[in-house]
Amino acid sequence: MKDKLIIIGASGHGKVIADIAIKMNKWQTIAFLDDDESIKASMGLEIIGKTADAFTYKDEADFFVAIGTNATREKVQEKLIAQGINVISLIHPDSVIGTDVEIGIGTAVMAGVVINSSSRIGKGCIINTCSSVDHDNIIEDYVHISPGVRTAGNVGIGKVTWLGISSVINNNINICSGCKVGAGAVVVKDITEPGTYVGVPVRRVDR
Ligand SMILES: CC(=O)SCCNC(=O)CCNC(=O)[C@H](O)C(C)(C)COP(=O)(O)OP(=O)(O)OC[C@H]1O[C@@H](n2cnc3c(N)ncnc32)[C@H](O)[C@@H]1OP(=O)(O)O
């Protein structure tokens, strides 16, 4: 672990990420990289360059990618990893992580989250505010679980899928890679084709 943390992305999501890092109290300095030149500071933290400058800080900083769009976050994080940059996870001190839970690098676990026993969370995931992931879930890489989502026991969520705010996933359900599940949706059957699904129970709306 380094003294400095650099967060890529100074947007609203970046601010929440910075707040977790501040509360973890592990880094002496926290700064952002952002490609929008008009932003000079965010939450009183300095913006010290653009995403492309990350390698310059390789030896002096830990890194976190705070980009909300799953595919973009994947692209940026995978490039950092390939460059040998140290990508870390951020776990809010007011989250509850069960026994035998694994959390991959570059994943953020936000305030009020509960992840229950024996669940596996991949790399680069966002487990957003007050969501709950119950026991024995498998959440693959670069998934976003939005605020207030509920996944029951033995749920599987495929890579880069986005579960919208307050959606509910029944127990023993699998959702494949590349899906968007709408705000407030309820999933009661497996989803096996990538697409956008909304409603109670969900129906596909992107075809
Ligand atoms: C901290 C944070 O802010 S984290 C981010 C939290 N934000 C979210 O979770 C947002 C989740 N996003 C949604 O629910 C979006 O509506 C999506 C992704 C499901 C769909 O977005 P789009 O692809 O732009 O679809 P669009 O808005 O065109 O809607 C398509 C149809 O689905 C309906 N629809 C869209 N979302 C929903 C929903 N959540 N529930 C029910 N119906 C919906 C629309 O009314 C429309 O129906 P129509 O064709 O009969 O008019």
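Residues numbered from 1 in each chain as written. Predicted model: local features only at pLDDT ≥ 70, side-chain atom pairs only at ≥ 80, totals over all residues.

1. So, the domain arrangement of the protein
Taken domain by domain, the protein holds domain 1 (4–88) and domain 2 (91–192). Each of domain 1 and domain 2 has a C-alpha centre, and these two points are 23 Å apart. Taken residue by residue, the interface counts 14 residues in domain 1 and 11 residues in domain 2. Classifying every residue of the side of domain 1 that touches domain 2 gives 9 nonpolar, 2 polar and 3 charged. (Domains from an automatic or database assignment. Contact = placed C-beta atoms within 7 Å. Nonpolar A, V, L, I, M, F, W, Y, C, P; charged D, E, K, R; others polar.)

2. Brief notes about the sheet that holds strand β23 (residues 196–198)
Spatially, the 8 strands line up as an open sheet ordered β6-β9-β12-β15-β18-β21-β23-β24, and their pairing is mixed. Looking at the sheet topology across the chains shown, the edges are occupied by β6 (90–91) and β24 (203–204). Examined bridge by bridge, strand β12 (residues 126–127) and strand β15 (residues 144–145) share 2 bridges and lie parallel to one another. Across the sheet, the residue bridging to I126 is H144, located in β15. (Pairing = 2+ DSSP bridges. Helix = DSSP H or I, 4+ residues; strand = E, 2+ residues; numbered from the N terminus.)

3. So, the sheet that holds strand β1 (residues 4–8)
Here 3 strands make up an open sheet; going across it, the order is β2-β1-β5 and the pairing parallel. This sheet does not close on itself; its edge strands, each paired only once, are β2 (29–33) and β5 (61–65). Neighbour to neighbour, the strand axes of the sheet diverge by 25° on average, direction disregarded. Of the strand pairs in this sheet, β1 and β5 are connected by 5 bridges, and their pairing is parallel. The partner of I6 across the bridge, within β5, is F63. Each of β1 and β5 touches helix α2 (residues 70–82); the most contacted strand, β5, lies at about 160° to it. (Axes fitted to C-alpha atoms, helices over the stretch in contact; angles between N-to-C directions.)

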